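Summary of the model geometry
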Amino acid sequence: MSYDSRSYIDYTTAQGDITWLHILTPRTTLKLQAYFTRYEADNLLSTETDSTGLMAGGDYEVSKNLKLSGLVGISNVESNYDVPQGFPFVVNDSSDDVWVADTTLEYTQPRWKMALNLASQTFPSGDGYVQTRRSGRLSYSFRISDLATLRLAALYGQNESVDERANVNRDYADGEAGLDWRINRSWYLTALYRYRFQDYETSPGDADSSAVFFGIRYEPTTKRWSR
C-alpha cells in the first residue's frame, strides 16, 4: 500500500491461512483455522510485524431461518524494529497476545434478511503499526418487488494499537442506504449513499464524510453440465 500523504506510511503485507472443516451433523459444521500475516512498514524504524493466529468455531443452523457462524481464538503479534544508528530513543521489540473473534448471526425470511456481525481482529495500518479492530455491523435487506431490493447497514468500531507504546486509537462509524434494481436475470443497477464518521484519540476534533455511488453489477447465471 502506497500513500501520497505524509500523514501515512507505505507498507507491504502478506497473509496465508489454512482451514479444516468437519461436518458434524447436517446442521453443524466445525472449523479450525490457522493463519500467518507479515507486515512491513516503510517508516523510520523499518518496522516488521508477524502475526500468528489460531481460531476455532463453526456454523450452526439454529432453525430453518436462523444461522450462527463464529470463530474465536488468539493471535501472537511480534514487532521488530530496526533502530537506526544515533536514534535518540531506545525502542525494544514487542510481543503481544491478542484475542480475536469473528461471529455472525443471520436471520432470513422470504422477502427480507438481517445479519449482525461482531468482530475483533488484527490489521496492518497506514500509521505504521498493527491494530486491533473491534466492530459491530448490522445489515438489513428487503425485497421491495421482483425487481428492487433495499439495503441498509450500520457499523461502529474502535481501533487500538497492539503495541501500547503507540497511540493511534480511534472510534469510527458508518451508515449506508442503497437500492438494487434488477434489469434482467444477470444485470443490476445499484445506487448507494454512505456516511462516515471518525474521531482520533490524539487529534483535536473529528471528521465526517458523505458519498453517493452509482454502478452496474453483473451476476452470471448458474450453468449446469450434464452427460
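The coordinates are above.
A short tour of the structure in this document, coming up.

Parameters and conventions
- Residues numbered from 1 in each chain as written.
- Predicted model: local features only at pLDDT ≥ 70, side-chain atom pairs only at ≥ 80, totals over all residues.
- Heavy atoms only, no water.
- Pairing = 2+ DSSP bridges.
- Helix = DSSP H or I, 4+ residues; strand = E, 2+ residues; numbered from the N terminus.
- Axes fitted to C-alpha atoms, helices over the stretch in contact; angles between N-to-C directions.
- Core = buried A, V, L, I, M, F, W, Y, C linked by side-chain atoms within 4.5 Å.
- Buried < 20%, exposed > 50% of the residue type's maximum accessible area, 1.4 Å probe, protein only.
- Contact = heavy atoms within 4.5 Å.

Once that is clear, we can look at the sheet that holds strand β7 (residues 130-143). Strand order in the open sheet made by the 11 strands is β1-β2-β3-β4-β5-β6-β7-β8-β9-β10-β11, with antiparallel pairing throughout. The strands lining the two open edges of the sheet, one partner per strand, are β1 (11-25) and β11 (207-218). Mean inter-strand twist for the sheet, computed between neighbouring axes without regard to direction, equals 15°. Looking at chain direction, strand β6 (residues 112-124) and β7 are connected through 13 bridges and run antiparallel. Of the residues in β7, the one forming a bridge with T122 is T132.

What follows deals with the pairing of β7. Relative to strand β8 (residues 148-161), β7 runs antiparallel, the two being bridged by 13 bridges. Each bridged residue has a counterpart across the sheet, and for F142 the counterpart in β8 is L150. Between the antiparallel neighbours β7 and β8 lie 4 residues.

The next thing to look at is the nonpolar core. Listed in full, the 7 residues of the largest apolar core are Y11, Y39, A41, V77, V98, V130 and V162. Every residue in contact with V162, bar those within four places of it in the chain, is listed here: V77, D96, V98, T122, V130, Q131 and T132.

What follows covers the environment of L150. Within the secondary structure, L150 is located in strand β8. Given the relative accessible area of 29%, L150 is considered partly exposed. Measuring from C-alpha to C-alpha, the distance between L150 and D180 comes to 6.6 Å, with 30 residues separating the pair along the chain.

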